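Remarks on the overall topology
Here's the letter readout for the chains.
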Amino acid sequence: MGATKKIIIEPVTRVEGHGKVSILLDENGQVTRARLHIVEFRGFERFIQGRPYWEVPVTVQRLCGICPVSHHLAAAKAMDVIVGADKLTPTAEKMRRLMHYGQTYQSHALHFFHLVSPDLLFGFDADPAIRNIIGVIKKYPELAVQGVMMRKFGQEVIRLTAGKKIHGTGAIPGGINKNLSIPERDFLLKDMDQQIEWSRGALKIAMDYTVEHLEDLSDFGAFDSSHLSLIREDGAMDLYDGGIRMIDSEGNKIIDHFDYQNYSDIIAEEVKDWSYMKFPFIKDMGTENGWYRVGPLSRVNTADFIDTPEAEIARQEFKALTGGKPNNLTMAYHWARMIEVLHAAEKMKELLLDDDLQGEDLVVKGERRSEGVGLIEAPRGTLFHHYKVNEDDQVTMCNLIVSTTSNNVPMNLAVEKVAKKYLSGTEITEGLLNRVEVAIRAYDPCLSCATHALGKMPLTVSVVDHNGQIVDKRST
Amino acid sequence: MSEKIKFTIDGVEIEATAGQTIMQAADEAGIYIPRLCAHKDLLPFGSCRVCTVMVNDRPQAACTQPVSPGMNVESETEELRQIRVNLVEMLFVEGNHYCPFCEKSGNCELQALGYRLGMLAPKYPYMFNKHDIDASHPDIYIDHNRCILCARCIRSSKELDGKNVFQFVGRGIHKRVAFNSDTDLAATDVSVTDKAIENCPVGAILKKRTAYAVPIGKRKYDSQPIGSDIEALRAEVK
């Protein structure tokens, strides 16, 4: 057996949470394997057992501090099923939608401006001392402020719908615990047009970047894949509710308008010994072929149209690039994400002008059930919450398939493709290793805590021989 | 007519009725003395000691100590605040109080007292004791993780509800609230309308399916600290 070298990137920076990458090189310096390892373990599915069901939407959102609203709402939707609330009141559903668009908006803005823009604005090889949010603030102060203000606006929307900017209590089984008062509405409306304007600008940056770098990006961690998302009954993009649609890399519908209460009939999860993250797949297609991508790229790919005017024009431009076929470029996630930012902004304005938000009818109940599934399109992709509840109102089973889990195989593929293309048979530099992280960042993975680093990338590269001995180690 | 007597709390002269406790007299005068086990509708109990005050330089429980003419009571001192914080902190570490998702948050007397007393970072190690949950009753849910053994449920059931649903069993760290049944709470004669349920100061005894109905910002202690209702009387007394 020839000598083998192993490069470890740990932690992966400018992502939400903590992960590491291992890259194996053979004796000729060729990459033989590259993997993204998720090294966190949270255990929510287990310790939620025994707790009363109404507590769950508030508890499980603490999986995350970036998009807790996704878990809050997915759990609340599952609990709607438990309490027999088959149709929420208009006020409850629209308040929840507003909460969700506010969250999508702030999460996407955070990712694009704080985590990704340094790569796009300064280049993958730029000095890491500059290639960070502080560098952006220094060179592009207006853009940096926009990013902060867009995130702030989204957080204010969450505060006024959920009660708090992070980890609120707004959604309760069967509805919502507050409406939006006129002063609250006006507080948000006064900044709404400015937010839409900034969203247009962010979209333009992402679109121009993709188009200008299309040749490089076409071979940057790109690969054909299926795409999965929720879809509204009429085929429109819907981030809050719908049926499951999956298309193949050519755009053929493999699954369409599937009732997610029965998701376990079509989706299973595989466990591997090198990651705490599970690997979901479509049962009929098996673990080899049944994986799929989720998130902004998939949603723009699966949607027949977007029901807000400016985002729909942006979607058509996006689709025109690939002649109407799905776009399979990993780096096109950024463009798709900014289309969603504009969509979320347009939707928020539409909702703020809707009198139903001032309604007084907040909660409905029906016949109690013992099992419920709630799905939502979280900023990072389709999120599954599944619960069983006993007669004493205690949770007996909880299964969560979080968005990043669905992107597990795709992220690993992207990592391997980038590593093989850029790291094989050459001297490994920080800029080349950053490309691996750039590919991961495109998916905006949420590794479930807030340990992303700021400033110089705390990257340690270890060269390990086939006996596991470190033969060389350096920090960049 | 009951005899009127005078004494001072933190230098303020108070007129009280003979037979009243220091806490009762202070409440009427609009002076809040922190408490947990004490409740206006229940007999004095003297268990939690959070209401400890200095009476003529000796520590006493304000909820059980009767007033006497000319007594000098100190309550709002840094030394007593620190003692009270320590007592409250010990209750926090002995149970499993996860305020961030507890449905009693914002309406919880223990949490509100922590805020009022300026309890910041914990200084005692958490014990992570294992406690049970009893969800057997169709309308009531008991989480022993959050019980502070104030006995309000026990006393309310006897004194106000005319029942005997709850009782302490065990000693020391093993002490806990038990039910007057061979099996579980569902087998007792407790009712969701009992004062025993309403008077729990923490999230240990809860009405089912009412959680988070009140939005953040409108909960009992969201906008003003615990004791503000008593202190509001002070302006009227003056």
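Note that the coordinates shown come from a computational prediction; the quantities given were computed from them, not determined experimentally. Here the residue numbering is sequential within each chain, running from 1 through the sequence in written order. Think of it this way: whatever chain is written first is A, whatever ligand is written first is 1, and the rest follow in order. In keeping with the model being predicted, local features are shown solely for residues with a pLDDT of at least 70 and side-chain atom pairs are shown and tallied solely at 80 or more, while totals for entire chains, interfaces and linings include all residues.

1. Quick look at the overall build of chain A
To keep it simple, the criterion reads: Put simply, DSSP H or I for four residues or longer makes a helix, DSSP E for two residues or longer makes a strand, and each gets a number counted from the N terminus. With C-alpha atoms as the basis for the radius of gyration, the globule rule is written as 2.2 Å multiplied by the number of residues raised to the power 0.38. Three exposure classes are used, all based on how many other C-beta atoms lie within 10 Å of a residue's own C-beta (placed from the backbone): buried at 20 or more, exposed at 12 or fewer, and partly exposed between those limits. Distance between backbone-placed C-beta atoms decides contact: two residues are in contact if it is within 7 Å.
Counting its regular elements, chain A contains 15 helices and 17 strands. A compact globule built from 476 residues should have a C-alpha radius of gyration of about 23 Å, and chain A, at 22 Å, falls within 12% of that. When the 476 residues of chain A are sorted by exposure, 52% land in the buried category. Put simply, of all contacts in chain A between residues at least 6 apart along the chain, 71% involve residues at least 24 apart.

2. A word on the overall build of chain B
What chain B contains, in helices and strands, is six helices and 10 strands. Structurally, chain B occupies a C-alpha span of about 50 × 45 × 35 Å along its principal axes. Within chain B, contacts between residues at least 6 apart in sequence are counted, and of these 65% link residues at least 24 apart.

3. Here we look at the packing of helix α4 (residues 90-122) of chain A against helix α12 (residues 332-352) of chain A
How two helices pack is summed up by the angle between their axes together with the distance between the axes. Residues and elements named next belong to chain A. Put simply, the rule is: The axes are straight lines fitted to the C-alpha atoms, using for helices just the contacting stretch, and the angles between their N-to-C directions are given from 0 to 180°. Helix crossings are classified by the rotation of the near helix relative to the far one: an anticlockwise turn of less than a right angle makes the crossing left-handed, while a clockwise turn makes it right-handed. Three residue categories are used. Nonpolar comprises Ala, Val, Leu, Ile, Met, Phe, Trp, Tyr, Cys and Pro, charged comprises Asp, Glu, Lys and Arg, and polar comprises the others, including Gly.
Between α4 and α12, whose axes approach to 9 Å, the crossing angle comes to 145°. For the element pair α4 and α12, the recorded crossing hand is left-handed. Of the residues in α12, those in contact with Lys94, Arg97, Leu98, Tyr101, Gly102, Thr104, Tyr105, His108, Ala109, His111, Phe112 and Val116 of α4 are His334, Arg337, Met338, Glu340, Val341, Ala344, Ala345, Lys347, Met348 and Leu351. Looking at the contact of α4 with α12, its residues break down into 12 nonpolar, five polar and five charged.

4. A short note on the interface of chain A and chain B
With 19 residues of chain A at the contact, the number on the chain B side is 16 residues. A class-by-class count of the residues in the side of chain A that touches chain B yields four nonpolar, nine polar and six charged.

5. Description of the domain arrangement of chain A
All names here are of chain A. Here is the rule we go by: Domain segmentation is taken from an automatic or database assignment of domains.
For chain A, the assigned domains read domain 1 (5-40 + 417-475) and domain 2 (96-170 + 180-222 + 343-351). Every contact between the two is made by 16 residues of domain 1 and, on the other side, 14 residues of domain 2. Residue assignment for the side of domain 1 that touches domain 2 shows that the elements contributing at least two residues are α14 (408-423) and α15 (430-442). For the side of domain 1 that touches domain 2, the leading source of residues is α15, giving seven residues. Partitioning the side of domain 1 that touches domain 2 into residue classes produces five nonpolar, three polar and eight charged.

6. Some points on the sheet that holds strand β7 (residues 227-231) of chain A
Residues and elements named next belong to chain A. In plain terms, the rule: If DSSP finds at least two bridges between two strands, the strands pair.
Taking strand neighbours across the sheet as the criterion, the three strands line up as β7-β8-β9 in an open arrangement whose pairing is antiparallel. Strands with a single pairing partner mark the edges of an open sheet, and in this sheet they are β7 and β9 (253-258). Pairs of neighbouring strands in the sheet enclose a mean axial angle of 20°, with direction left out of account. Relative to strand β8 (residues 243-247), β7 is paired through five bridges, and the arrangement is antiparallel. Across the sheet, the residue bridging to serine 229 is arginine 245, located in β8.

7. Examining the confidence of the model for chain A
Which entries qualify depends on this criterion: How sure the predictor is of each residue is captured by pLDDT, a score from 0 to 100.
Residues of chain A with pLDDT of at least 70 account for 90%, and the chain-wide mean is 88. Low pLDDT, under 50, characterises residues 448-461 of chain A; the stretch is placed with 46 contacts to residues that sit more than four places away or in other chains.

8. Thoughts on the domain arrangement of chain B
As assigned here, chain B comprises domain 1 (4-77 + 225-237) and domain 2 (130-207). Across the side of domain 1 of chain B that touches domain 2 of chain B, the residue classes tally to six nonpolar, two polar and one charged.

9. Concerning the sheet that holds strand β10 (residues 205-207) of chain B
Residue and element names in this part refer to chain B. Overall, antiparallel pairing links the three strands, which are arranged β6-β7-β10 in an open sheet. Looking at which strands have only one partner, the edges of the open sheet turn out to be β6 (133-134) and β10. With two bridges joining them, β6 and strand β7 (residues 140-143) adopt antiparallel strand pairing. Counterpart to aspartate 134 in the pairing with β7 is isoleucine 142.

10. Notes on helix α4 (residues 152-159) of chain B
All names here are of chain B. The element α4 is extensively covered by neighbouring structure, given that six of its eight residues are classed as buried. Regarding α4, the residues found buried are Arg152, Cys153, Ile154, Arg155, Ser156 and Ser157. Taken together, the buried residues of α4 touch β8 (166-169), β9 (176-179), α5 (195-198) and β10.

11. Section: unusual backbone geometry
Positioned with a positive phi, histidine 257 of chain A is a non-glycine residue whose angle comes to about 50°. Tracing the chain through its elements places histidine 257 of chain A in strand β9. What makes histidine 257 of chain A partly exposed here is the crowd of 14 C-beta atoms within 10 Å. A positive phi is found at asparagine 56 of chain B, a non-glycine position, where the angle reads about 50°. Tracing the chain through its elements places asparagine 56 of chain B in the loop between β3 (52-55) and β4 (58-61).

12. A short note on the pairing of β8 of chain B
Note: β8 of chain B against β9 of chain B, four bridges, orientation antiparallel. Paired with valine 169 of chain B across the strands is arginine 176 of chain B, a residue of β9 of chain B.

13. As for the nonpolar core
In a soluble, globular protein the nonpolar side chains are often hidden away together inside. For the record, the criterion: By definition, a nonpolar core groups buried Ala, Val, Leu, Ile, Met, Phe, Trp, Tyr and Cys residues that connect through C-beta atoms lying within 7 Å of each other.
By size, the foremost hydrophobic cluster in this structure holds 125 residues, and its most contacted members are Ile339 and Val415 of chain A. Top element by residues in this core is α12 of chain A. It accounts for 12 residues. For this core, the domains that each give at least three residues are domain 1 (5-40 + 417-475) and domain 2 (96-170 + 180-222 + 343-351) of chain A. In this structure isoleucine 339 of chain A touches Leu203, Val300, Ala311, Ala314, Arg315 and Phe318 of chain A, once residues within four positions along its chain are discounted. Among the nonpolar cores identified, the runner-up in size contains 56 residues, and Ile9, Cys102, Val165 and Ala196 of chain B belong to it.

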